[in-house]
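Architecture and fold: a report
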Amino acid sequence: MNNCENYRFIENHRPFRDLTFKFYSNGSLTIIDNSADEVISPRELKGSSYDFYVRKRLAFIKQDLTAKLQKYA
């Protein structure tokens, strides 16, 4: 089963993008620019939106590793 965690982030500085981050349990990611209704890549993120992405990605990896340790310990 491929679960998905959704997070919304609105940039505080130009270009003021409204972004939805979808982290899937299989490790994949989709970032949607809600105002332009298009998918963007992590390379297109800058400043606070990139920081948000990195923090959520690290938290996701940590959570996944903890779950695997508990499962196989």
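Residues numbered from 1 in each chain as written. Predicted model: local features only at pLDDT ≥ 70, side-chain atom pairs only at ≥ 80, totals over all residues. Heavy atoms only, no water.

Counted under the stated rule, the structure contains four salt bridges. Linking K68 and D64 is a salt bridge whose minimum nitrogen-to-oxygen distance equals 3.2 Å. With K68 and D64 both in helix α1 (residues 47-72), this residue pair falls four residues apart, about one helical turn. Take K68: its relative accessible area is 44%, and that puts it in the partly exposed class. (Salt bridge = Lys/Arg side-chain N within 4 Å of Asp/Glu carboxyl O. Helix = DSSP H or I, 4+ residues; strand = E, 2+ residues; numbered from the N terminus. Buried < 20%, exposed > 50% of the residue type's maximum accessible area, 1.4 Å probe, protein only.)

On to the nonpolar core. Counting ten residues, the largest nonpolar core consists of F9, L19, F21, F23, I31, I40, L45, F52, Y53 and F60. Among the elements of the structure, β2 (18-24) and α1 are those that each provide at least two residues to this core. Those residues within four positions of F23 in sequence are excluded, and the remaining contacts are N3, C4, E5, Y7, S28, L29, Y53, K56, R57 and F60. (Core = buried A, V, L, I, M, F, W, Y, C linked by side-chain atoms within 4.5 Å. Contact = heavy atoms within 4.5 Å.)

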